[in-house]
Amino acid sequence: MAVGIFDSGLGGLTVLDAVSKRLPDVPLVYYGDSVNSPYGVRTADNIYDLTTAATERLFDAGCDLVILACNTASAAALRRMQEGWIPEGKRVLGVFVPLIEALTERRWGDNSPPREVDIKHVALFATPATVASRAFQRELAFRAVGVDVESQACGGVVDAIEDGDMILAEALVRSHVDALKRKMPNPDAAVLGCTHYPLMEETFAKALGEGVQVFSQANLVAESLADYLERRPEMLGSGTETLFLTSGDPAQVSDHATQFLRRKIEFQAA
Ligand code: DGL
């Protein structure tokens, strides 16, 4: 049994970390496509091609269930994959739905009509491709009415994190928060709509100031996966070991991953 977790690079490790704490007995196969990161500046077709290739690699590693721990892939490729690409007996899930369920205070499978929710003004921070897809607004509209969403495409943040340049990443986050606040001065909630951003959560929270509830995906996705596997234990797949695969340079990716998660992570070539 093993569950696959995919991201364009290192951001999905925030999800992997939460999943491994929530489901310590489930082997996880992580695939970071570092050589092609960032995805957030690519076209939807290109993101689809890269995401299907990476998902295939995770199926080959014995995973029947793959989590796209990447909002950009979830926004730009998942629906198209679900419409005809996913082979029988396999499942691919994204990271948007658990987040939007939390924001709209819904439980899984609650398909009742959209309704008013407490949160009225949401600041969405995401990659340019995620913002352009409007996937977040689409998913939100299925569940809630009267929520004003202002998005900020956070160019450069993923590259800085992948390069391990946290000083640049912090400066960019502060300037993106300022830009968002010029458009929406008083958001009730902020969504960190990229799995790299929890690594910068403190900087986001500080720049946003008090009174803004920050929604970050890792724990929400872990909880939702635990719930899913309870209902569908047969999706655990045939893999038996935890593996970290990268399309990039394993030594460099391992160094950055170890620095982020503050525990030894050893990647191998995919
Ligand atoms: N972690 C990915 C996401 O959640 C980063 C995307 C990128 O590679 O630009 O969107």
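All of these numbers come straight from a predicted model, not from anything done at the bench.

Colleague: An account of unusual backbone geometry is requested, with residue identities and associated values reported.
Modeller: Following serine 37, the chain continues to proline 38 via a peptide bond in cis, the omega torsion being 0°. Looking at the secondary structure, you find proline 38 in the loop between strand E2 (28-32) and helix H2 (44-60). Residue glutamate 105 is not a glycine yet carries a positive backbone phi of 55°. Within the secondary structure, glutamate 105 is located in the loop between helix H5 (96-103) and strand E5 (115-116). For glutamate 105, a relative accessible area of 52% corresponds to the exposed category. With a phi close to 55°, arginine 262 is a non-glycine residue in the positive phi region. You can see arginine 262 is positioned in the loop between helix H12 (250-261) and strand E12 (268-269).

Colleague: How would you explain the site of the ligand if you had to name every residue and give the values?
Modeller: In the vicinity of the ligand lie 13 residues, with Ser8, Tyr39, Thr72, Thr195 and His196 positioned nearest. For the ligand, an oxygen atom lies 2.6 Å from a polar atom in the side chain of serine 8. In this structure, asparagine 71 approaches the ligand through a main-chain N or O atom, which is 2.8 Å from an oxygen atom. A total of 300 Å² of accessible area belongs to the ligand in isolation, and the protein chains cover 99% of it. When its residues are assigned to classes, the shell around the ligand shows five nonpolar, seven polar and one charged.

Colleague: Outline the sheet that holds strand E8 (residues 148-153), listing residues and values.
Modeller: By definition, the strands of a sheet pair up through backbone hydrogen bonds, in either a parallel or an antiparallel sense. The strand order across the open sheet formed by four strands is E8-E6-E9-E10, and the pairing between neighbours is parallel. Edge positions in the sheet fall to E8 and strand E10 (213-216), since each of these pairs with one other strand and no more. The average angle at which neighbouring strand axes cross in this sheet is 20°, direction not considered. Pairing analysis gives six bridges linking strand E6 (residues 121-126) to E8, with the strands arranged parallel.

Colleague: I'd like a rundown of the nonpolar core, residues and numbers included.
Modeller: Ranked by internal contacts, the top residues of the largest apolar core, which has 52 residues, are Val3, Leu13, Phe125, Tyr197, Phe204, Leu229 and Phe267. It is helix H11 (residues 217-231) that provides the largest number of residues to this core, a total of seven residues. In contact with leucine 13, other than residues within four places in its own chain, are Tyr30, Phe244, Ala257, Leu261 and Phe267.

Conventions we followed
Residues numbered from 1 in each chain as written. Predicted model: local features only at pLDDT ≥ 70, side-chain atom pairs only at ≥ 80, totals over all residues. Heavy atoms only, no water. Helix = DSSP H or I, 4+ residues; strand = E, 2+ residues; numbered from the N terminus. Buried < 20%, exposed > 50% of the residue type's maximum accessible area, 1.4 Å probe, protein only. Near = heavy atom within 4 Å. Polar contact = N/O pair within 3.5 Å; in protein donor to acceptor, adjacent residues only side chain to side chain. Areas by Shrake-Rupley, 256 points an atom, 1.4 Å probe, with all protein chains shown as cover. Nonpolar A, V, L, I, M, F, W, Y, C, P; charged D, E, K, R; others polar. Pairing = 2+ DSSP bridges. Axes fitted to C-alpha atoms, helices over the stretch in contact; angles between N-to-C directions. Core = buried A, V, L, I, M, F, W, Y, C linked by side-chain atoms within 4.5 Å. Contact = heavy atoms within 4.5 Å.

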